[in-house]
Amino acid sequence: MVRFFSSLSTEEMDPDKPLAASQPSFCSNFWSSALRAKPLYTSSSSSSSGDSSPSNSGEELVRRLGLFDLILIGIGASIGAGIFVVTGTVARDAGPGVTISFILAGASCVLNALCYAELASRFPAVVGGAYLYSYTAFNEITAFLVFAQLMLDYHIGAASIARSLASYLVNLLELIPIFKDQIPDWIGQGGQKFLGGTLSINILAPILLVILTVILCRGVGESSILNSFMTSLKVVIVIFVVIAGSFEVDVANWSPFFPNGVKPVLTGATVVFFAYVGFDAVANSAEESKKPQRDLPIGIMGSLLVCASLYIAVCLVITGMVPYKLLGEDAPLAEAFTAKGMKYVSILISIGAVSGLTTTLLVGLYVQSRLYLGLGRDGLLPAIFGKVNATCRTPIHSQIWVGLVASILAGLFNVHVLSHILSVGTLATLSLQHVL
């Protein structure tokens, strides 16, 4: 922790005193700081307390997000290109039972979402999410560890998503004849690899991150408009794909429903669990919500139910269109429609994947900056991270830092090598909310 140094008095740091006399006091101050919990301040008490609450510091964020905006943030954070890929990938092992995998994973996420919804309704409407809940219920060091786990997930995840988005954009551009096979690999696909494949150059991914960072710095209103548009486009495309595919469903492909037994279905549930994780983004929007005590719980549960419905519908369609053994690994949904002579749907799927990855990346960068803002206010990071720009009413310093870290990772590293540790932070943090 960094804040405990400020609690040392001049007497305790007196150079004339022997070191043995000051050392116990130093350790005592460290542990008292690390084990302290964050008080639940209210608007009436924050002015009289010494806590660095946003209302006390005069650097509040602007409350511009309504209930519909919060639901779209949750959907945007959860549904990426994975809805067109992971559904078919898991179905190769679980068969039509992949639908049950998504139902089981969704039921588990409902429990997590209920925890988040209850905490969001009880805690002050400020940034922090899981970090804030841990800081209040446990102590400072636990909260900092939760933050570190989340940042491990978010930073590497943002770089990975940016690379995937760049790859999908290149593939979409190559559908135009003039760009066909004309774009070098180092632009968006990752060029020559170094150090055993750990390093590879990608130019487009950092450019996309810079664009999204600029939009987020402009204000939550501008970023919310982009997220609402892209998320709505994505949902419309998914619904269209489901409707178009339903006319090609052969119910005979659903029998047997569990071709390889129940075990692949349960294993698949653990794989698809993280396709639902996005409601944490809604909890981190508390300080920018118009009516947080009412809208946050509804936004968390509403976004989760919409995502679960879309995932289950896609699973039923893809396993009904093509026998599960014939599903591809890289683009199963697109290949299923191509096999039915509906190539135009594959183009729509590519557009949906681009919009899905854009919203996932946008919301991820947004959440990261708000977490840094919370730690900057609490003194666990340099004070510059706790500043809100007076004009844009956004934490510009935190946002630029988040974009810079993600750009470096996305531009230089083959993050697929690091993606195996992505779920560690999310799993540990979600498990902690059950304890709370």
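In this text, all values refer to a predicted model and were calculated from it rather than measured experimentally.

Undergrad: Help me out: how do you make sense of the overall build of the protein chain in this one?
TA: Regarding its fold elements, the protein chain presents 17 helices and two strands. Of the contacts made within the protein chain by residues no fewer than 6 positions apart, 80% connect residues no fewer than 24 positions apart. Roughly 18,800 Å² of accessible area belongs to the protein chain as shown, and the carbon and sulfur atoms make up 67% of that amount.

Undergrad: Explain the nonpolar core to me, please; I cannot follow it from the model alone.
TA: Nonpolar side chains tend to gather and get buried jointly when the protein is soluble and globular. Core analysis: the biggest nonpolar cluster contains 107 residues, and Tyr-276, Phe-337 and Leu-365 have the highest contact counts within it. Top element by residues in this core is helix 15 (residues 343-378). It accounts for 14 residues. Here Tyr-276 is in contact with Ser-78, Phe-102, Ala-105, Gly-106, Cys-109, Leu-304, Cys-307, Ala-308 and Tyr-311, once residues within four sequence places are set aside.

Undergrad: When you look at a nonpolar patch on the surface in this model, what are you seeing that I'm missing?
TA: Residues Ile-201, Ile-203, Ile-207, Ile-211, Trp-401, Leu-404, Ile-408 and Leu-412 make up a contiguous nonpolar surface patch of about 670 Å² in total accessible area. Of all the elements in the fold, those that place two or more residues in the nonpolar patch are helix 9 (204-218) and helix 16 (396-412). Here the nonpolar patch gets four residues from one element, more than from any other, and that element is helix 16. Relative to the helices and strands, Leu-412 resides in helix 16.

Undergrad: Would you explain the packing of helix 4 (residues 86-94) against helix 5 (residues 98-122) in this entry?
TA: Relative orientation and spacing of two packed helices are given, respectively, by the angle between their axes and the distance between those axes. Taken N-terminus to C-terminus, the directions of helix 4 and helix 5 make an angle of 115°; their axes are 8 Å apart at the nearest point. Counting all contacts with helix 4, which are made through Val-86, Thr-87, Val-90, Ala-91 and Ala-94, the residues of helix 5 involved are Val-98, Ser-101 and Phe-102. Residues belonging to the contact of helix 4 with helix 5 are distributed by class as follows: six nonpolar, two polar and no charged.

Undergrad: Even after reading the chapter, I still don't get the packing of helix 4 against helix 13 (residues 292-321), so can you show me in this structure?
TA: For the pair helix 4 and helix 13, interaxial distance at closest approach is 10 Å and the crossing angle is 55°. With respect to their mutual orientation, helix 4 and helix 13 come out oblique. Here helix 4 and helix 13 pass one another in a crossing that is right-handed. Counted together, Thr-87, Gly-88 and Ala-91 of helix 4 and Tyr-311, Val-314, Cys-315, Ile-318 and Thr-319 of helix 13 form the full contact between these two elements. Within the contact of helix 4 with helix 13, the residues separate by chemical class into five nonpolar, three polar and no charged.

Undergrad: Just checking my understanding: could you explain the packing of aromatic side chains for this structure?
TA: One pair of aromatic rings is described through two measures. These are the centre distance and the angle between the planes. Taken as a whole, this structure holds eight aromatic pairs when the rule is applied. Summarising the aromatic geometry, the rings of Phe-147 and Tyr-372 are spaced 5.2 Å apart at their centres and angled 90° between planes, so their arrangement reads as edge-to-face. Of this pair, Phe-147 sits in helix 7 (residues 140-173) while Tyr-372 sits in helix 15, and the two are 225 residues apart along the sequence. Of the two residues examined, Phe-147 and Tyr-372, each falls in the buried class. Measuring from ring centre to ring centre gives 5.3 Å for Tyr-276 and Tyr-311, while their planes differ by 70°; the resulting arrangement is edge-to-face. On the criterion of sequence distance, the pair formed by Tyr-276 in the loop between helix 11 (263-272) and helix 12 (279-283) and Tyr-311 in helix 13 is long-range, its members being 35 residues apart. Assessed through its relative accessible area of 1%, Tyr-276 is described here as buried. Aromatic ring contacts, followed pair by pair, group Phe-144, Phe-147, Tyr-372, Phe-385 and Trp-401 into a single cluster.

Undergrad: Got a minute to help me understand the environment of Gly-352 in this structure?
TA: Summarising the element assignment, Gly-352 is placed in helix 15. Distance in space between the C-alpha atoms of Gly-352 and Val-235 is 8.2 Å, their sequence separation being 117 residues. Every residue in contact with Gly-352, bar those within four places of it in the chain, is listed here: Phe-84, Lys-234 and Ile-237.

Undergrad: Teacher, can you tell me more about helix 4 here?
TA: Counting along an α-helix, one turn takes 3.6 residues, and residues three or four places apart therefore face a common direction. When we look at burial in helix 4, the residues that qualify are Val-86, Thr-87, Gly-88, Val-90, Ala-91 and Ala-94. Summarising the contacts, the buried residues of helix 4 are in contact with helix 5, helix 11, helix 13 and helix 14 (332-339). Count one or two residues on from helix 4 and you reach Gly-95, which has phi positive near 70°.

Undergrad: So what exactly am I meant to see when it comes to the pattern of salt bridges here?
TA: Where side chains of opposite charge bring their charged atoms close, a pairing between them can arise. All chains considered together, the criterion is met by three salt bridges. The shortest N-O distance in the salt bridge between Glu-287 and Arg-377 comes to 2.6 Å. A residue pair is termed long-range when its members are at least 10 positions apart, and Glu-287 in the loop between helix 12 and helix 13 and Arg-377 in helix 15 qualify at 90 residues. When sorted by exposure, Glu-287 lands in the same class as Arg-377, which is buried. One salt bridge in this structure joins Asp-295 and Arg-294, with 2.6 Å as the shortest N-O distance.

Undergrad: Whenever I open this one, helix 3 (residues 67-78) confuses me. Can you help?
TA: For helix 3, spanning 12 residues, the distance from its first C-alpha to its last is 17 Å, which sits close to the expected 16 Å at 1.5 Å a residue. Most of helix 3 sits inside the fold, with 10 of its 12 residues counted as buried. Structurally, helix 3 contributes buried residues whose contacts are with helix 10 (220-246), helix 12, helix 13 and helix 15.

Undergrad: Explain the confidence of the model for the protein chain here, please?
TA: When pLDDT is averaged along the protein chain, the result is 78; 76% of the residues meet or exceed 70. Ranking the elements of the protein chain by mean pLDDT puts helix 2 (residues 54-57) last with 50 and helix 9 first with 92. The low-confidence segment residues 17-23 (pLDDT under 50) makes two contacts with residues lying over four places distant or belonging to another chain. Confidence drops under pLDDT 50 across residues 42-52; counting only partners more than four residues distant or on other chains, this segment forms 12 contacts.

Undergrad: Explanation requested: the environment of His-155 in the structure shown.
TA: Within the element layout of this structure, His-155 appears in helix 7. Overall, His-155 belongs to the buried group, its relative accessible area being 10%. Measuring from C-alpha to C-alpha, the distance between His-155 and Gln-368 comes to 8.2 Å, with 213 residues separating the pair along the chain. When sequence neighbours within four positions are dropped, the list of residues in contact with His-155 reads Gln-368, Tyr-372, Val-402, Val-405 and Leu-409.

Procedures and definitions
Residues numbered from 1 in each chain as written. Predicted model: local features only at pLDDT ≥ 70, side-chain atom pairs only at ≥ 80, totals over all residues. Heavy atoms only, no water. Helix = DSSP H or I, 4+ residues; strand = E, 2+ residues; numbered from the N terminus. Contact = heavy atoms within 4.5 Å. Areas by Shrake-Rupley, 256 points an atom, 1.4 Å probe, with all protein chains shown as cover. Core = buried A, V, L, I, M, F, W, Y, C linked by side-chain atoms within 4.5 Å. Buried < 20%, exposed > 50% of the residue type's maximum accessible area, 1.4 Å probe, protein only. Patch = residues over 30% accessible without salt bridge, like charges linked within 9 Å, V, L, I, M, F, W, Y side chains within 5 Å. Salt bridge = Lys/Arg side-chain N within 4 Å of Asp/Glu carboxyl O. Axes fitted to C-alpha atoms, helices over the stretch in contact; angles between N-to-C directions. Nonpolar A, V, L, I, M, F, W, Y, C, P; charged D, E, K, R; others polar. Parallel < 35°, antiparallel > 145°, perpendicular 65-115°, else oblique. Left-handed = near helix turned anticlockwise from the far one by under 90°. Phe/Tyr/Trp six-rings, centres within 6.5 Å; stacked < 30°, edge-to-face > 60°. Expected span 1.5 Å × (residues − 1). pLDDT = per-residue confidence, 0-100.

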